[in-house]
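Inside the fold
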Amino acid sequence: MIVVLKPGVQEEKRTQLIEWLKGMGLGIHISDGDYQTVLGLIGDTSKVDMDLIESLDIVDSVKRVSEPFKCCNRKFHPDDMIVEVGDVKIGGGNFCMIAGPCSVETEEQILGVAKAVKASGANMLRGGAFKPRTSPYDFQGLKDKGIELLKIARQETGLPIVTEIMSVSDLHLFEDVDVLQVGARNMQNFDLLRELGQFGKPILLKRGLANTLKELLMSAEYIMASGNEQVILCERGIRTFDDYTRNTLDLAAVPMLRELTHLPIIVDPSHATGIARLVPPMALAATAGGADGLIIEVHNDPIHALCDGAQSLRPEEYDELAKQIMKIREVVAK
Ligand code: PEP
Ligand code: MN
């Protein structure tokens, strides 16, 4: 249930109402907008007398919210959420370009790519240290050493680092990571999501291979209900019957999620297509479709990449794409 307060309500009356609602055993999510405050009532609202609340002089309106997701529901929080990572902002009109290799391989590789993508305008560096691979015999990532190399690249370039966490038991290695990525395969690892809710760092939550948008939002809800509001959603393609692309990029997810949630929404055209030459057109389409950012795989030597070389852009290709993205942004930016 949401309670919209009238503009300019006295602090004292507002506090009285909040305390009264809390006294009914409800959690209250307060969203202070430019004009109005919205109180999101979380918990069992079946015994709450809507008419009584609506009759209060400080209340503008009361609505029941039928969706099972509350913390990430736009109805509870009409203004866009802006996730801040150092000086970088994502959401609310702030476009973010995350780029880097699928996996961190060597210091030379990650430094070279980091410098190149920064020069092209990227504002965060990605790189996997813990890799979720389909085969146990494939390269599994440099693990803690990979995180150390990412930190060196951050030190050299100033770019915040984004890297994937696969297991709760590795969390201590991520204390100094800027954004923790939850990969598609872990989108419903609920224990991990709950822990990340208490970790206090921005989370990049990727949509699972076969998950609906509601399931994606429920996973965001796990993180937020555990205390962490800093969640960025990522559409990265889903499994369908298509035979020529790695996944099917569900671009309609961007405007649909925009209606449902206030969280920033970014797109990963690399994993969505699996083919480097398809990445630029899909990146441009996602930008035109209103995404808040893009996460793109870039490798200095894709042919010899230890993971996902076929979908990785070369730095010069990323540079060209970044220029086109900026032009599209000029058209769609609010
Ligand atoms: C990745 O970003 O390298 C990755 C493994 O992505 P996803 O979880 O979307 O497959
Ligand atoms: Mn990858």
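Because the structure is a prediction, the values reported are computed rather than measured.

**Looking at the overall build of the protein chain**
When its secondary structure is counted, the protein chain shows 10 helices and 14 strands. In terms of overall size, the protein chain behaves like a compact globule, its C-alpha atoms giving a radius of gyration of 21 Å where 334 residues would be expected to give roughly 20 Å. Expressed along its principal axes, the backbone C-alpha trace of the protein chain runs to roughly 70 × 45 × 40 Å. Long-range contacts, defined here as pairs at least 24 residues apart, represent 68% of the contacts in the protein chain between residues at least 6 apart. Accessible surface, the protein chain: about 14,800 Å² in total, of which carbon and sulfur atoms supply 51%. Distance between charge centres in the protein chain, computed from 36 positive and 48 negative side chains, equals 2 Å.

**Section: the domain arrangement of the protein chain**
Buried accessible area, meaning the area lost when the parts come together, often serves as the stated size of an interface. What the domain assignment lists for the protein chain is domain 1 (2-63) and domain 2 (83-332). Spacing between the C-alpha centres of domain 1 and domain 2 amounts to 37 Å.

**Quick notes on empty space enclosed by the protein**
With the rule as written, the count across this model stands at one cavity of 30 Å³ or more. Approximately 30 Å³ is the volume found for the largest cavity. If you trace the largest cavity, you find it lined by R126, G127, G128, K131, V162, T163, E164 and Q181. When its residues are assigned to classes, the lining of the largest cavity shows one nonpolar, four polar and three charged.

**Focus: the site of ligand 1**
For ligand 1, the set of nearby residues contains 13 residues, the closest of which are R126, A184, R185, K206 and R236. Taking R185, its side chain carries an N or O atom lying 2.9 Å from an oxygen atom of ligand 1. For ligand 1, whose unbound accessible area comes to 300 Å², protein coverage reaches 97%. At a threshold of 2 Å from the grid points, most atoms of ligand 1 map onto the largest pocket. When its residues are assigned to classes, the shell around ligand 1 shows three nonpolar, three polar and seven charged.

**Remarks on the pattern of salt bridges**
Oppositely charged side chains may form a pair once their charged atoms are brought near each other. For the structure on display, the rule yields 18 salt bridges. Among the salt bridges present, the one from R154 reaches D176, with a minimum N-O distance of 2.9 Å. Of this pair, R154 sits in helix α4 (residues 144-157) while D176 sits in the loop between β9 (161-164) and β10 (179-182), placing them 22 residues apart in sequence. Under the relative-accessibility criterion, R154 is labelled buried at 17%. Accessibility expressed as a relative area gives 38% for D176, which makes it partly exposed. The network of salt bridges with shared partners includes R154, D176 and D178.

**Overview of the packing of helix α9 (residues 279-288) against helix α10 (residues 315-332)**
At a closest axis distance of 9 Å, the pairing of α9 and α10 adopts a crossing angle of 20°. For the element pair α9 / α10, the angle class is roughly parallel. Here α9 runs over α10; the crossing is right-handed. In this structure, α9 uses P280, A283, L284, T287 and A288 to contact α10, whose residues at the interface are L321, Q324, I325, I328, R329 and V332. Residue composition of the contact of α9 with α10, by class: eight nonpolar, two polar and one charged.

**Some details on the layout of surface pockets**
In this structure, the largest pocket spans a volume of roughly 210 Å³. Along the lines of polarity and charge, the residues of the lining of the largest pocket split into four nonpolar, five polar and 10 charged.

**Regarding the sheet that holds strand β7 (residues 96-100)**
With respect to topology, eight strands assemble into a closed barrel ordered β7-β8-β9-β10-β11-β12-β13-β14, the strand pairing being parallel. If you compare each strand with its neighbour and ignore which way they point, the axes differ by 25° on average. Taken together, the two bridges between strand β13 (residues 265-267) and strand β14 (residues 293-297) define a ladder with parallel strand orientation. The residue bridging V267 from the neighbouring strand is L294, located in β14. Across the sheet, helix α3 (residues 107-119) is in contact with β7 and β8 (124-126); its angle to β8 comes to roughly 145°.

**Considering the pairing of β7**
Among the five residues in β7, five count as buried, and that is most of the element. Because side chains alternate across β7, one face comprises the buried residues C96, I98 and G100, and the other comprises M97 and A99, equally buried. Bridge count for β7 against β14 is five bridges, and the pairing is parallel. Residue pairing in the sheet places A99 in a bridge with I296 of β14. Pairing of β7 with β8, which is carried by two bridges, proceeds in the parallel orientation. Looking at the pairing, A99 lines up with L125 of β8. The β-α-β motif built from β7, the intervening α3 and the parallel element β8 has right-handed crossover chirality.

**Things to note about the packing of aromatic side chains**
Evaluation of the coordinates by the stated rule reveals two aromatic pairs. Ring geometry for F190 versus Y222: centroids 4.5 Å apart, planes at 25°, classification stacked. In this pair, F190 is assigned in helix α5 (residues 190-196) and Y222 in helix α6 (residues 213-225), connecting sequence segments 32 residues apart. According to the relative accessible area criterion, Y222 is partly exposed, its value standing at 30%.

The rules we used
- Residues numbered from 1 in each chain as written.
- Chains lettered and ligands numbered in written order.
- Predicted model: local features only at pLDDT ≥ 70, side-chain atom pairs only at ≥ 80, totals over all residues.
- Heavy atoms only, no water.
- Helix = DSSP H or I, 4+ residues; strand = E, 2+ residues; numbered from the N terminus.
- Rg over C-alpha atoms; globule rule 2.2 N^0.38 Å.
- Contact = heavy atoms within 4.5 Å.
- Areas by Shrake-Rupley, 256 points an atom, 1.4 Å probe, with all protein chains shown as cover.
- Lys, Arg positive; Asp, Glu negative; His and termini not counted.
- Charge placed at Lys NZ, Arg CZ, Asp CG, Glu CD.
- Domains from an automatic or database assignment.
- 1 Å grid on protein atoms, 1.4 Å probe; cavity = no way out; pocket = protein on both sides within 12 Å on 5 of 7 lines; lining within 4 Å.
- Points joined across faces, edges and corners; volume = space filled by probe spheres on them.
- Nonpolar A, V, L, I, M, F, W, Y, C, P; charged D, E, K, R; others polar.
- Near = heavy atom within 4 Å.
- Polar contact = N/O pair within 3.5 Å; in protein donor to acceptor, adjacent residues only side chain to side chain.
- Sits in = over half its atoms within 2 Å of the grid points.
- Salt bridge = Lys/Arg side-chain N within 4 Å of Asp/Glu carboxyl O.
- Buried < 20%, exposed > 50% of the residue type's maximum accessible area, 1.4 Å probe, protein only.
- Axes fitted to C-alpha atoms, helices over the stretch in contact; angles between N-to-C directions.
- Parallel < 35°, antiparallel > 145°, perpendicular 65-115°, else oblique.
- Left-handed = near helix turned anticlockwise from the far one by under 90°.
- Pairing = 2+ DSSP bridges.
- Right-handed = clockwise from strand over helix to strand, strands pointing away.
- Phe/Tyr/Trp six-rings, centres within 6.5 Å; stacked < 30°, edge-to-face > 60°.

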